[in-house]
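Here is how the chains run, residue by residue.
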Amino acid sequence: MNIQNPNAERDYIPIADHGLIGNLRTAALVSLDGSIESYCVPNFDSPSIFARILDKNKGGHFSITPTVPFSTKHNYLPSSNVLQTKFLNDKGVVSVTDFLPRQANGESTRPLLFWLIRRVEVIRGTIPLRVECAPAFNYAQDPHDTQIVPDDTIPLSFSKQNKVLFTSRPGLATDASPQSTSHNPLTLDLRFVSESLLDNVAVPDVSLETLDLSAKGHLGLAAHTELTLVEGQRVTFVLRITPERKCDGGPGVDGEQAEMLGVNFEKLMAGAQKMRPKDDPILTKGLLDNLFVSTNSYWNAWIRKSTYQGSWKEAVHRSALALKLLIYEPTGAIVASPTFSLPEFIGGTRNWDYRASWIRDSSFTLYALIRLGFTQEANAYMEFIFERLKNKNPDGSLQIMYTIHGGKDLEEKELLHLDGHKGSKPVRIGNGAADHVQLDIYGELMDCIYLGQKFGKPLSYDTWVLVRELVDFVVANYKKPDLSIWEVRGKERHFTYSKIMLWVAIDRGLRLADKRSLPCPRRLQWLAARDDLYEDIMHKAWNKDLQVFGQSYEETDVLDSSVLIMPLVFFMTPSDTRFVSTLKQILKTPERGGLTSNNLVYRYDVNKSDDGVGGEEGTFCLCTLWCVEALTRAGEFEKPLLQRAVAMFEDFLLYLNRVGLCSEEISEAGESLGNAVQGFTHVTLISAAYNLSRTLANQRST
């Protein structure tokens, strides 16, 4: 059992030892030892207030941790994104339940409360705890003021209770670095509700005090408290952006006075609630209980809509719940990951910000959700994309990514004052790849639109015209080089993956026109371009000597696992000898010229292919799962390959973390690397499980 000693200097917690909570606006990483390690408010792409995962000293954190040695358990509540952390030792067990509130379905008349709720409850015995709330505003760049003031948002019977106000002071950073970003001041407040769940147990006493962490680089005072709770005691902490409107507290009488007057205090409180703004209700036990129940009910109701009945259902549904957390509800956009600048190799420089909506990643995400029956999310994302089609670049192209609000500005900056996870520098925000030419995105998008037409909202004529223009752009540009799916920062090349996806873009356009009987005045040009692309790939990407498809027309001797996509998008039959030969070469170890190590697959050999980035990286989860699916499809004709697919998929599931989440990469030592939670990984897990389960069922029935 993993025993943790709180007296030792706290180091970085491994990336895999985190769970994710969210509210479809933003998300927070919660570590195994009870610390909020990454949290941007109010949106995914807002500046962070907690980023301890990127700087253990000054990144900012909200921790609830025992002060005595303990072991931990991490789990989600069943079919939910409500996260529970348990601290255990011989003397007691404490549960910390974390969530960002959601309303149960049908309660949309009430505004969403942008609160971070942490409920601490003793299950058995007693364990002393230390609570620290140390925000570090604007990526730990802005100083802040901290005040302990009377809490005016609770019933009068608790009027002596205090809360903590944290107010940022932007523009007053001690190092007026060029990385600093301008924005308005932000005020947070930390409140709590203490309660007893047993008749003979007292309500716990909580006293919040300030804490000076300036020696570690913090730019304002933190807040802390020591708790020694016993069985039956519960304290719930609530951190929120303070509403601008000032309101009085509860009613002007407390419980005893209400009883003397013959008035039911609970009814009095309910009346007082109605007089307050709905986004600033009186903080009561009843409200917190209701938020917990409604949030849990929301997630339960959502996942119950899944139509998946295959094998590995638990992993598939956990992946679906993880993907749902990546959706930005106001626009329908989907972030690639809710985190930023987590390293692809410890100590390396491949540290990117994924809090944007990539057309590629989002399209694959929608493919997975549609497969599970979640068409509402598909329709919302399609609306987001169709809005982007109305505002294409002057040359008719799309950006490869947009902000979650639909904007095009994703300026990349380096935050040199942050240490980086385990010293992996630089920490980056924004993404310089936003203006890259990556022609493959049109294939992923058209495939997504095509699938959406089978299960979602039909295209209108005006939208079809926009889609048609997209295919015309592809036909006009398919012979050009690009930087492709891996977003290399070197020279443009004729990447095989991009050529395959350009073929997909034209093919799906033709299929849409035929199946919907939509007008297609340039049909003959589309057909000619599709056939020309196919012939080009078969002649220029094929290496006759090695008997493999190469990474690009220029470097057919470099193996790239992205070509495994061929049968997945119906470019080529999985039994084609050229594809099977390429697949079997990829399955060899790197020492033997392949890309597979311990049943995990690399993207390509970074020592053979100059991607303009430098540094090492781990095996890529996306590529491993593509390999599983390619083996599955080829295994329909060659049974040993199907057995290999099952073994590889089962092996991969061992690398999911304690709560079933995936990162972007896995190191040779089995350590999770890259941004977490990585949408692309969960998408391909769902797709691999779906097709592997279906193929196995078909094999059994024949």
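Residues numbered from 1 in each chain as written. Predicted model: local features only at pLDDT ≥ 70, side-chain atom pairs only at ≥ 80, totals over all residues. Heavy atoms only, no water.

Novice: Please clarify how the overall build of the protein chain should be interpreted in this entry.
Specialist: Within the protein chain one finds 15 helices and 31 strands. Taken along the three principal axes of its C-alpha coordinates, the protein chain extends 90 × 60 × 55 Å. Relative to its 702 residues, the protein chain shows a buried fraction of 62%. Put simply, of all contacts in the protein chain between residues at least 6 apart along the chain, 69% involve residues at least 24 apart. (Helix = DSSP H or I, 4+ residues; strand = E, 2+ residues; numbered from the N terminus. Buried < 20%, exposed > 50% of the residue type's maximum accessible area, 1.4 Å probe, protein only. Contact = heavy atoms within 4.5 Å.)

Novice: Please explain helix α12 (residues 577–586) as it appears in this structure.
Specialist: Because the α-helix completes a turn every 3.6 residues, residues three or four places apart line up on one side. Within the span of α12, buried status applies to F579, V580, T582, L583, Q585 and I586. Taken together, the buried residues of α12 touch β25 (542–543), β26 (548–549), β27 (596–597), β28 (600–601), α13 (621–635) and α14 (639–653).

Novice: I would appreciate a short explanation of the packing of helix α6 (residues 359–371) against helix α7 (residues 375–389) in the present structure.
Specialist: Packed helix pairs are characterised by how far apart their axes lie and by the angle those axes make with each other. Look at α6 against α7: their axes get within 9 Å of each other, and the N-to-C directions meet at 155°. When the axis of α6 is compared with that of α7, the two are roughly antiparallel. The handedness of the crossing between α6 and α7 comes out as left-handed. Of α7, the residues touching α6 (which contributes I359, S362, S363, L366, L369 and I370) are E377, A378, Y381 and I385. Within the contact of α6 with α7, the residues separate by chemical class into seven nonpolar, two polar and one charged. (Axes fitted to C-alpha atoms, helices over the stretch in contact; angles between N-to-C directions. Parallel < 35°, antiparallel > 145°, perpendicular 65-115°, else oblique. Left-handed = near helix turned anticlockwise from the far one by under 90°. Nonpolar A, V, L, I, M, F, W, Y, C, P; charged D, E, K, R; others polar.)

Novice: Explain the packing of aromatic side chains here, please?
Specialist: Tallied over the full model, the rule gives 23 aromatic pairs. Over the ring of Y298 we find R102, and its NZ or CZ is 4.5 Å from the ring centre. The ring of F292 is capped by R119, whose NZ or CZ atom sits 4.2 Å from the centre of that ring. (Phe/Tyr/Trp six-rings, centres within 6.5 Å; stacked < 30°, edge-to-face > 60°. Lys NZ or Arg CZ within 6 Å of the ring centre and 35° of its normal.)

Novice: Explanation requested: the pairing of strand β10 (residues 115–134) in the structure shown.
Specialist: Strand residues, when the strand is regular, have side chains that alternate between the two faces of the sheet. Counting buried positions along β10 gives 14 out of 20 residues, so the element sits mostly inside the fold. Across six bridges, strand β6 (residues 61–66) lies against β10 in antiparallel orientation. If you follow H61 over to β10, its bridge partner there is A134. Across eight bridges, strand β9 (residues 92–99) lies against β10 in antiparallel orientation. Within β10, the position partnered with V96 by the bridge is V120. Sheet topology note: the β10/strand β16 (residues 233–241) ladder contains seven bridges and is antiparallel. (Pairing = 2+ DSSP bridges.)

Honestly, it's all geometry; don't read function into it.
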